[in-house]
Amino acid sequence: MYKKLILMMTLMLSFNLAQDFEMPGLGVYVGGIYGTASGDAVDDLEDLGYNISGPMLGASYATMLGNFPVFMGAGLGARSFGYVGHDDHGDGDDHDHGDEDISVCFQYFDVWATMPYPINDKMNLYGGVLLGMPLSGTVTHGDEDPEDIEDDGLPNGMDMGLVFGLGYALPVMDGALALNLGYALGLAELESDAGGSNSTWSHSGFFMSLNYDIPGM
């Protein structure tokens, strides 16, 4: 895992060497994720797939570290996945109710840092790292209301991953509003007290966000 982090950061440093950037400063962002999971804890789930979750909501800051531009941010993040389960919960009878879609969503506190590589004056590629701590979680069965996940069902410890994406300054608000599309690749093997140490998983997914650079900040 650490070799991948070092390789990614080395590539981004070489991309940005001697680049000249105009840094926007402080901003805010909002978005969501289309996420999934992999690992021993979820491999046996039927039709394991993606699920939309959110919000991603926080503050960002762009600055120069020496000769290198860095975008940093912190705020609420999300992880999610979906699968098909059997509808046999909470009804107290033995009837076959068929299958239902089940979505699992976790809310995180995320801290991230990326380095951009400009394609032109409105578009850039970026890559970086993401760290997160779980705050809460819900499970939704079909069309029913979400049910809170107990504390022992939340992931233990910190999530860590890589993020890659494309940023585009929209032709509104003098370029202060930008659209970010990207992919988050989870590297940490997560576990919970409910699942045990032999049952681990990791999160990944596609994300989209809007970032607004606050004028004069």
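Structure's up top.
Residues numbered from 1 in each chain as written. Predicted model: local features only at pLDDT ≥ 70, side-chain atom pairs only at ≥ 80, totals over all residues. Heavy atoms only, no water.

Things to note about the pattern of salt bridges
Logical step 1: Applying the stated criterion to the full structure yields 2 salt bridges.
Logical step 2: Residues R79 and D110 are paired through a salt bridge, measuring 2.9 Å at the closest nitrogen-oxygen approach. With R79 in strand β4 (residues 68-86) and D110 in strand β5 (residues 99-118), the pair connects residues that are 31 residues apart, well separated along the chain. The pair R79 / D110 is uniform in exposure class, with both members buried.
Logical step 3: Its salt-bridge partner being D159, residue R79 comes within 2.9 Å of it at the nearest N-O pair. Placement of R79 in strand β4 and of D159 in strand β8 (residues 159-169) is noted, with a sequence separation of 80 residues between them. (Salt bridge = Lys/Arg side-chain N within 4 Å of Asp/Glu carboxyl O. Helix = DSSP H or I, 4+ residues; strand = E, 2+ residues; numbered from the N terminus. Buried < 20%, exposed > 50% of the residue type's maximum accessible area, 1.4 Å probe, protein only.)

What to know about the packing of aromatic side chains
Logical step 1: Evaluated as defined, the whole model comprises 6 aromatic pairs.
Logical step 2: Ring centres of Y29 and W112 lie 5.9 Å apart, and the angle between their planes is 65°; this geometry places the pair in the edge-to-face category. With Y29 in strand β1 (residues 26-38) and W112 in strand β5, this pair connects stretches of sequence that are 83 residues apart. Like W112, Y29 is buried.
Logical step 3: Ring geometry for F106 versus W201: centroids 6.4 Å apart, planes at 25°, classification stacked. (Phe/Tyr/Trp six-rings, centres within 6.5 Å; stacked < 30°, edge-to-face > 60°.)

Some details on the side chain of S209
Logical step 1: Tracing the chain through its elements places S209 in strand β10 (residues 202-213).
Logical step 2: Contacts of S209, omitting those with residues within four sequence positions, involve V30, G31, A178, L179 and N180. (Contact = heavy atoms within 4.5 Å.)

With respect to the layout of surface pockets
Logical step 1: Of the voids in this model, the second largest pocket is the one considered here, and its volume is about 350 Å³.
Logical step 2: F81, V104, F106, I149 and G153 are the residues nearest the centre of the second largest pocket, which is lined by 16 residues in total.
Logical step 3: Secondary structure elements with two or more residues in the lining of the second largest pocket: β4 and β5.
Logical step 4: Its residues assigned to classes, the lining of the second largest pocket comprises 11 nonpolar, 4 polar and 1 charged. (1 Å grid on protein atoms, 1.4 Å probe; cavity = no way out; pocket = protein on both sides within 12 Å on 5 of 7 lines; lining within 4 Å. Points joined across faces, edges and corners; volume = space filled by probe spheres on them. Nonpolar A, V, L, I, M, F, W, Y, C, P; charged D, E, K, R; others polar.)

A look at the nonpolar core
Logical step 1: Within the largest apolar cluster, 15 residues are counted, with the highest numbers of intra-cluster contacts made by F81, V104, F106, I149 and W201.
Logical step 2: Looking at this core, the elements with two or more residues in it are β4 and β5.
Logical step 3: Sort the elements by how many residues they give to this core and β5 lands first, with 4 residues.
Logical step 4: Once you skip the residues sitting within four places of it in the chain, I149 turns out to touch V104, C105, F106, G137, T138, V139 and L154.
Logical step 5: Residues Y29, Y126, L130 and A184 belong to the second largest nonpolar core, which totals 10 residues. (Core = buried A, V, L, I, M, F, W, Y, C linked by side-chain atoms within 4.5 Å.)

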